[in-house]
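A look at the structure
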Amino acid sequence: MLSQIRPFLAMTVIVVPVVARAVEEPTKQRIEGAIRKAIPLLEKGARGFAEQRDCFSCHHQTMPVVALATARGRGFEVDTKVIQEQVDHTTADLKKAIESYRKGSGQGGGVTRAGYALWALEAGGAKPDETTAAVAEFLLTRDAKKGYWRSSSRRPPSEISHFTATYVALLGLKAFATPEQGDRAEARVAAAREWLISNRGDDTEDRVFRLRALKLAGAPAEDVALSARDLLDRQREDGGWGQLDDSTKSDAYATGSTLVALHDVGALAADAPAYRRGLSFLLDDQQADGSWHVATRSRPFQVYLETGFPHGKDQFISMAATGWATTALALACPPVPK
């Protein structure tokens, strides 16, 4: 494990007062019911995408794997074959391009695709191998002179932010850099840490992944705390977060990803009032079929396909939103012994 990437020993839970509205209490029964409704849709959508495309996707592989693995760790019944199928699908997609990764070319989607793919493998329990080493080599050489990693796509919200690209690259190196790559990985982590401290984001996606990356890169606790407070200060009266500061509507993608980030860095406990209000928003926003619907802001460039997940042209972002929302809800449930 890279010595620069290590957890803090302690961190103060930040609670920011916000103007509250009357919401229904996110009871244990409501939370568990919402998760159980979402799991079959996540499984169906992940399988449906893999059956029609041989390429990897962050929305139909990584986010379902993260959500399903989290729910399983909280005692929910999950089809583990689905998780393994997504790991195998992701591995096969990377392996067919292994020489491109070794040469520093990678695949379409660049760092964001490579980093999200390694995240899916890490969350799914995959072990390091020659393919992950090749992808780690690509991450080490890509944007080496910049001090951070660039997003090469313009598909908001998940494929546009340099902070997102930087986080998934750091996570990929933490999980899969080989001992021989260790010194170079340490140098990339140090450079990214300085860039993250010096630069702030413009929207929720930037802020979420800047926070995650600061913690992962071993930034000083005060920088992580300030980043967390910046996110918490933007919680809305309805308990949710919006993707853009001037957007009129909170949504499950922004809300779920924010709650998970704040929880994962140790800045917001799942029983804190702000977290509970966020859960109430997610529970109220869930569709009758168990999904969360978020309207896309990306221009389509691929041939449309049906994966079995609802919401038509909005299904990719809605799949990711459902993954984030399910993960946020599952984190509010007690973990089960391994």
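In what follows, the structure referred to is the one given above.
Our subject in this report is the structure included herewith. (Residues numbered from 1 in each chain as written. Predicted model: local features only at pLDDT ≥ 70, side-chain atom pairs only at ≥ 80, totals over all residues. Heavy atoms only, no water.)

Overview of helix α8 (residues 182–198)
Quick note on the threshold: Each helix is a run of H or I in the DSSP string that is no shorter than four residues. Each strand is a run of E no shorter than two, and both are numbered from the N terminus. Expected helix span is taken as 1.5 Å per residue step, with the number of steps being one fewer than the number of residues. Only protein chains enter the accessibility calculation, which uses a 1.4 Å probe. A residue is then buried if its area is under 20% of the maximum for its type, exposed if over 50%, and partly exposed in between. By definition, residues are in contact when any of their heavy atoms lie within 4.5 Å.
The terminal C-alpha atoms of α8 lie 25 Å apart, and with 17 residues this matches the ideal 24 Å at 1.5 Å per residue to within 8%. Taken together, the buried positions of α8 are occupied by Gly182, Ala185, Glu186, Arg188, Val189, Ala192, Arg193, Trp195 and Leu196. As for α8, its buried residues are in contact with α6 (130–141), α7 (162–176) and α9 (204–216).

A word on the packing of aromatic side chains
For clarity, the threshold we go by: Pairing of aromatic side chains here covers Phe, Tyr and the six-membered ring of Trp, requires ring centres within 6.5 Å, and sorts the geometry by plane angle: under 30 degrees stacked, over 60 edge-to-face, intermediate tilted.
Summed over the entire model, instances satisfying the criterion amount to nine aromatic pairs. Residues Phe49 and Phe316 carry aromatic rings whose centres are separated by 6.1 Å and whose planes lie at 70° to one another, so their mutual orientation is edge-to-face. Taken together, the positions of Phe49 in helix α1 (residues 28–52) and Phe316 in helix α13 (residues 315–330) put the pair 267 residues apart, joining distant regions of the chain. Of the two residues, Phe49 and Phe316, both sit in the buried class. When the centroid spacing of 4.8 Å and the interplanar angle of 35° are considered together, the rings of Phe163 and Trp195 count as tilted. Separated by 32 residues along the polypeptide, Phe163 in helix α7 and Trp195 in helix α8 bring together distant segments of the chain. Each member of the pair Phe163 and Trp195 is classed as buried. Chaining the aromatic ring pairs together yields one cluster made of Tyr116, Trp119, Tyr167, Phe209 and Trp324.

Brief notes about the layout of surface pockets
Inclusion rule: Using protein atoms alone on a 1 Å grid, points that fit a 1.4 Å probe yet trap it form a cavity, whereas open point sets bounded by protein on both sides within 12 Å along at least five of seven lines form a pocket; residues with an atom within 4 Å of a point count as lining. Grid points are joined across faces, edges and corners, and a volume is the space filled by probe spheres set on the points. Just so you know the grouping, Ala, Val, Leu, Ile, Met, Phe, Trp, Tyr, Cys and Pro go in nonpolar, Asp, Glu, Lys and Arg go in charged, and all remaining residues, Gly too, go in polar.
Counted as a void, the second largest pocket has a volume near 430 Å³. Lining the second largest pocket are 26 residues, and of these Arg155, Thr296, Ser298, Lys313 and Phe316 sit closest to its centre. Per-element accounting of the lining of the second largest pocket gives the leading share, five residues, to α13. Within the lining of the second largest pocket, the residues separate by chemical class into 15 nonpolar, seven polar and four charged.

Some remarks on the nonpolar core
For the record, the criterion: Joining through side-chain atoms within 4.5 Å is the link that ties buried Ala, Val, Leu, Ile, Met, Phe, Trp, Tyr and Cys residues into a set, and such a set is a nonpolar core.
Ranked by size, the top nonpolar core spans 100 residues in total, and within it Ile35, Trp119, Leu139, Trp149, Leu170 and Leu262 carry the most contacts. Once you skip the residues sitting within four places of it in the chain, Trp119 turns out to touch Thr62, Val66, Tyr167, Val168, Leu171, Phe209, Arg212 and Trp324.

Coordinates in, geometry out; function isn't part of it.
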